[in-house]
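What follows is each chain in one-letter form.
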Number of protein chains: 4
Amino acid sequence: MTAPDQMSPLRRKLYEVIFGTDTPAGKTFDLVLIAAILLSVAAILVDSIPSVHLRFKDTLKWVEWSFTLVFTLEYLVRIYCSPNPRRYIFSFYGLVDLLSILPSYIGLVYPAARHFIVLRILRVLRIFRILKLIRYMGEANLLFRALNAARRKIFIFLFWVMTIVVVFGALMFIIEGPANGFTSIPRSIYWAVVTITTVGYGDITPHTPLGQAIASLAMLTGYAIIAVPTGIISAELFAEVQHSKSNRVCKHCARVGHDLDARYCKHCGEEM
Amino acid sequence: MTAPDQMSPLRRKLYEVIFGTDTPAGKTFDLVLIAAILLSVAAILVDSIPSVHLRFKDTLKWVEWSFTLVFTLEYLVRIYCSPNPRRYIFSFYGLVDLLSILPSYIGLVYPAARHFIVLRILRVLRIFRILKLIRYMGEANLLFRALNAARRKIFIFLFWVMTIVVVFGALMFIIEGPANGFTSIPRSIYWAVVTITTVGYGDITPHTPLGQAIASLAMLTGYAIIAVPTGIISAELFAEVQHSKSNRVCKHCARVGHDLDARYCKHCGEEM
Amino acid sequence: MTAPDQMSPLRRKLYEVIFGTDTPAGKTFDLVLIAAILLSVAAILVDSIPSVHLRFKDTLKWVEWSFTLVFTLEYLVRIYCSPNPRRYIFSFYGLVDLLSILPSYIGLVYPAARHFIVLRILRVLRIFRILKLIRYMGEANLLFRALNAARRKIFIFLFWVMTIVVVFGALMFIIEGPANGFTSIPRSIYWAVVTITTVGYGDITPHTPLGQAIASLAMLTGYAIIAVPTGIISAELFAEVQHSKSNRVCKHCARVGHDLDARYCKHCGEEM
Amino acid sequence: MTAPDQMSPLRRKLYEVIFGTDTPAGKTFDLVLIAAILLSVAAILVDSIPSVHLRFKDTLKWVEWSFTLVFTLEYLVRIYCSPNPRRYIFSFYGLVDLLSILPSYIGLVYPAARHFIVLRILRVLRIFRILKLIRYMGEANLLFRALNAARRKIFIFLFWVMTIVVVFGALMFIIEGPANGFTSIPRSIYWAVVTITTVGYGDITPHTPLGQAIASLAMLTGYAIIAVPTGIISAELFAEVQHSKSNRVCKHCARVGHDLDARYCKHCGEEM
């Protein structure tokens, strides 16, 4: 690992532009990169439409390779100017960067993998890095903190949902049976997920009166329990909002989080 | 721009009736206008039903032109009596007013644009102006303030949803493929939106076991993340309600946190 | 109107049993009545199933007439023993009582009205009266108060939804047109309601790419704005819960609703 | 009943391992049991897929009987080492334990009950016991307390939903009638549940304009009232969180409302 101030001037300059957002050049680079990512994703989207693919096959191939080469170059420069290349390469965003160029090269070597080239679309995840840098994420942090604080409750909730879904799936498999489309328990569980989450495709539906009664119960269950995660996240978000709102700082210990009516610091006991 | 007290008596009178809501004449005008808007929208609705169109074509044409002429006259009077006509014309409601009469005239010149005459239905937006005036909007303001305070969080949330939808769309395009209705990535993304939002038309559904497993994951994701915007808006709305409460300051002891209905300070007992 | 203590002993006794819930006889009467209502509703439900109707036609007719006669007798006794019969007859529950027996007699006179006999099912509403009496409704009152406090916000929200639904309906009528099932604007509005509320039957679905894009927008709108009523009701309910929780009573003015940290009554200013 | 310290060393040791979670052996036993339950459930799931059943019938039968014997042994040991066997047998988890092995033996005696063997899947409920022990449930308790506090409100809400569903079902039966799929009131009620909960399979849909209008009303009702349980649970959860906060009393000034992380009273500044 090299400390930034020990790097050569070129590396440091590149580092500032590519990884930083404080300089005008760094901001411009970020905006150009967002535009390039969105354009390349749009190209992948339209290329997947058969009629467009037939007519603009060659243009789109050319566009795709231009973007791939640009992103490859960017990837190499990122490795070059990173103070700690190994850490960058194995970081989450380093892997996303690699994943967004690799499928094109694999497609070159194994033409049979044509379909998996679509994975280039994971490029869209790269935008998050830029958003993360551009300060916009103060708000996102609050969301993340609330979700993080609620993660145990949400895990328990999902475990409940799983169990409910398995039990309803097995019940319907017994009641409706293969004749009505419930051909196996996994398929019945798929139906239960479709029902409990209130998606309701209608590709598998109960036909017997008893099955319809059980299905009604499943729907009401799903309709009622959606209130649980919502309540959890509302409560956490509100606590989070309140916490950051009472930004009163104690002048003795400099800690925050005091109520509006607090006369004494709750941490050190000095008068505020 | 003309200051209201420099306007001729006729203009001022018209201004009071058309833009104001305080005088009896102004109130009557607003009620008549709401009725006219609702009736003209109803006429457009029934005119679009083929069987009704066939039988009452001429009556409805006559009705529509009556309303168009009335609204045109109103539009011209609004321009005439407005203290600042240019500002009115390019304001949001000025453009809505224009948009609600323009399609009829365009349809006269270019009969081929028959279908776009339906845009007259945007008239319905005009009702908001009247509601805005009639004081009812004290409550709406609280809603708007809460939504405004939450706009960054909602933007980030929608960006997440977009990314999730693109990733699930691409995955299902690879897994299910054109044979099962996932003919292109944009169409797969349409499926992902239908699924994540729990709408679930059922016009495109997964057929392979792996596709159904991924779809189940998408549904559970959609079912869980709806809690996020709900939590955001609940928290903001509640903070908004509390804010209007905790902002009352006692003029004797300068402490805050009083209820909206408090007549005496809860801390020092003096009248507020 | 007769004051209860001026009524004859029989009327007063009947009044206590039928309208009251404090005496053992009153409680027993309520329980028997709930059972009778549920049984008669169950009879109507199964009578509507063609195969059951064919086999048990006569039994069910006999059952139905027994219940109708019992409810008619009860209705007449209620009128007889009510202190103010006119007020009872035109009260909400008086009308529901009448409506729950009338269809049977009308069906006797006009056999053609056979289908409307189903309206007897509105009997189910009578259970609410009993629940209302049996104290269970302390909780329901809290719900009602919260809903009442939120009614303006909910009205404005529904007005928004109406407008959104009309605009999306008109747009889809132009874009998709009759060829894809959007045969008229009212039908397109029906589609918009099905979509915005995330019900998603799939009986009408967009087929053009532009239509699918607009539909995706409508779904995301519906998915996001459901957060608004939820937020409204959460905030009101929470305020309501908090309000009733701080049941501290001022010993001078006997009013409630004081904060936990209040030293002085917010209504009269006396020390608590 | 035998007090734990009066039991033989073997029984006490077994009791510690099987019912306890504090010793290393107890933890290992729990993990092994969770793995066994999940594997046996997975075996039941794949066994229900016709193609898998055909090919791996014998292997799966062997796997199933192994698990059944292991669970039977565990059940007997639990009875043996429980301080109060009778109480264990008739406890909720005791019955679940029995239910998870019984279907296999019944299937041996009455081969016709083949389908009901699927009930073995209720084994999945056994995992809850283990989770309950492993402390993870501190969070779940908060959820349960909130749900418990809200149970009356939720009961009233469900009663409303039932009534709404019966009334809409009866209305649609009259309006749409058997010709459009609404063949009986129970079936119409099934449609109403599918619609109000926003599941929307689309297996039964309104075809007449009036029916579609009523259905739109039902959808908007369902879309709006889902806010009620969500609001209830949000409010309770938040109150629950706040309750644990506001219950801390300062021992010097006896005032409440301190944060959970407060070391000093915010009112008088003394250590708490």
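None of the values given here were measured: they were computed from a predicted structure.

Parameters at a glance
- Residues numbered from 1 in each chain as written.
- Chains lettered and ligands numbered in written order.
- Predicted model: local features only at pLDDT ≥ 70, side-chain atom pairs only at ≥ 80, totals over all residues.
- Heavy atoms only, no water.
- Helix = DSSP H or I, 4+ residues; strand = E, 2+ residues; numbered from the N terminus.
- Buried < 20%, exposed > 50% of the residue type's maximum accessible area, 1.4 Å probe, protein only.
- Contact = heavy atoms within 4.5 Å.
- Areas by Shrake-Rupley, 256 points an atom, 1.4 Å probe, with all protein chains shown as cover.
- Phe/Tyr/Trp six-rings, centres within 6.5 Å; stacked < 30°, edge-to-face > 60°.
- Lys NZ or Arg CZ within 6 Å of the ring centre and 35° of its normal.
- Least-squares fit on C-alpha atoms with pLDDT ≥ 70 in both.
- pLDDT = per-residue confidence, 0-100.
- Buried area = accessible area lost by both parts, 1.4 Å probe.
- Salt bridge = Lys/Arg side-chain N within 4 Å of Asp/Glu carboxyl O.
- Polar contact = N/O pair within 3.5 Å; in protein donor to acceptor, adjacent residues only side chain to side chain.
- Nonpolar A, V, L, I, M, F, W, Y, C, P; charged D, E, K, R; others polar.
- Axes fitted to C-alpha atoms, helices over the stretch in contact; angles between N-to-C directions.
- Parallel < 35°, antiparallel > 145°, perpendicular 65-115°, else oblique.
- Left-handed = near helix turned anticlockwise from the far one by under 90°.
- Patch = residues over 30% accessible without salt bridge, like charges linked within 9 Å, V, L, I, M, F, W, Y side chains within 5 Å.

Trainee: So, the overall build of chain A: which residues are in play, and what are the values?
Mentor: When you go through chain A residue by residue, the secondary structure sums to 12 helices and 0 strands. Shown N-terminal to C-terminal, the secondary structure of chain A runs as helices and strands in the order α-α-α-α-α-α-α-α-α-α-α-α. Taking all 272 residues of chain A together, 49% fall into the buried category. For chain A, long-range pairs separated by at least 24 residues make up 53% of all intrachain contacts whose partners lie at least 6 apart in sequence. Accessible area of chain A: about 13100 Å², with a carbon and sulfur share of 68%.

Trainee: So what about the packing of aromatic side chains? Which residues, and what values?
Mentor: To describe a pair of aromatic rings, you give the distance between the ring centres and the angle between the ring planes. Overall, the coordinates contain 28 aromatic pairs over all chains when judged by the stated rule. Their ring planes at 70° and their centres at 5.1 Å tell us that Phe92(C) and Tyr93(C) sit as a pair that is edge-to-face. Residue Phe92(C) is classed as exposed on the basis of its relative accessible area of 54%. A centroid spacing of 6.1 Å and a plane angle of 50° characterise the contact between Tyr75(D) and Tyr88(D), whose relative ring orientation is tilted. Linking Tyr75(D) in helix H3 (residues 50-81) with Tyr88(D) in helix H4 (residues 85-90), this pair joins segments that are 13 residues apart in sequence. Note on Tyr75(D): relative accessible area 9%, which makes it buried. Taken together, Tyr15(A), Phe19(A), Tyr75(A) and Tyr88(A) form an aromatic cluster joined through their ring pairs. For Arg126(D), the ring lying beneath its charged end belongs to Phe71(D), and the centroid distance is 5.1 Å.

Trainee: Outline the relation of the copies chain C and chain A, listing residues and values.
Mentor: With an RMSD of 0.1 Å, chain C superimposes on chain A once it is rotated by 180° and translated 0.0 Å along the axis. In symmetry terms, the pair is related by a two-fold rotation axis. An overlap of 100% is found between the interface residues of chain C and their copies at the interface of chain A, pointing to a shared contact surface.

Trainee: Before we move on, can you summarise the confidence of the model for chain A with the specific residues and values?
Mentor: Here chain A averages 82 in pLDDT, and 81% of its residues register 70 or above. Predicted complex metrics record ipTM = 0.81 and pTM = 0.84.

Trainee: Talk me through the interface of chain C and chain A; I want residue IDs and the actual numbers.
Mentor: Counting from both sides, the interface comprises 5 residues of chain C and, opposite them, 5 residues of chain A. Buried surface at the junction of chain C and chain A, both sides included, amounts to about 250 Å², of which 28% is carbon and sulfur. Summed over the shared surface of chain C and chain A, the number is 0 salt bridges. Linking chain C with chain A are 0 residue pairs in polar contact (both at pLDDT 80 or more). For the side of chain C that touches chain A, the per-class residue count stands at 1 nonpolar, 3 polar and 1 charged.

Trainee: Go over the pattern of salt bridges with me, naming the residues and quoting the values.
Mentor: The final tally for this structure, using the stated rule, is 24 salt bridges over all chains. We note a salt bridge from Glu64(B) to Arg120(B), for which the minimum N-O separation is 3.5 Å. Note that Glu64(B) is positioned in helix H3 (residues 50-81) and Arg120(B) in the loop between helix H6 (102-109) and helix H7 (126-133), a separation of 56 residues in sequence. Take Glu64(B) and Arg120(B): they sit in the same class, and that class is buried. Several salt bridges share partner residues, and in doing so they unite Glu74(A), Arg78(A), Asp97(A) and Arg126(A) into one network.

Trainee: Quick one: what's the story with the side chain of Thr197(D), residue by residue and with numbers?
Mentor: Its place among the elements puts Thr197(D) in the loop between helix H10 (185-196) and helix H11 (209-225). Here Val193(D) takes part through its backbone oxygen, which lies 2.6 Å from a polar atom of the side chain of Thr197(D). Here Thr197(D) is in contact with Thr198(A), Met219(A), Leu220(A) and Tyr223(A), once residues within four sequence places are set aside.

Trainee: How would you summarise the packing of helix H1 (residues 9-19) of chain B against H3(B) if you had to cite specific residues and measurements?
Mentor: Residues and elements named next belong to chain B. Interhelical geometry of H1 versus H3 gives an angle of 125° and a closest axis separation of 9 Å. Overall, the two elements H1 and H3 adopt an arrangement that is oblique. In this structure, H1 meets H3 at a crossing whose hand is left-handed. Touching Leu10, Arg11, Leu14, Tyr15, Ile18 and Phe19 of H1 are Val77, Arg78, Tyr80 and Cys81, all from H3.

Trainee: Describe unusual backbone geometry, listing the residues and the values that go with them.
Mentor: Phi at Thr198(B) takes a positive value of approximately 60°, unusual for a residue other than glycine. Within the element layout of this structure, Thr198(B) appears in the loop between helix H10 (185-196) and helix H11 (209-225).

Trainee: Go over the environment of Val46(B) with me, naming the residues and quoting the values.
Mentor: All names here are of chain B. Note on placement: Val46 falls in helix H2 (residues 24-47). Taking C-alpha positions, Val46 is 34 Å from Ile189, a pair spaced 143 residues apart along the chain. Those residues within four positions of Val46 in sequence are excluded, and the remaining contacts are Val52 and Leu60.

Trainee: Now, about the packing of helix H1 (residues 9-19) of chain D against helix H2 (residues 24-47) of chain D: what can you tell me, with residues and values included?
Mentor: All names here are of chain D. In the contact formed by H1 and H2, the axes pass within 7 Å of each other and the chain directions differ by 50°. Between H1 and H2, the angle falls in the class oblique. On H2, the residues touching Glu16, Val17 and Ile18 of H1 are Ala25, Gly26, Phe29 and Asp30.

Trainee: A description of a nonpolar patch on the surface should follow, citing residues and the corresponding values.
Mentor: A cluster of nonpolar residues, Leu102(A), Ile106(A), Leu108(A), Val109(A) and Tyr110(A), forms a patch on the protein surface that exposes about 510 Å² of accessible area. On the basis of relative accessibility, which here comes to 39%, the residue Ile106(A) falls in the partly exposed class.

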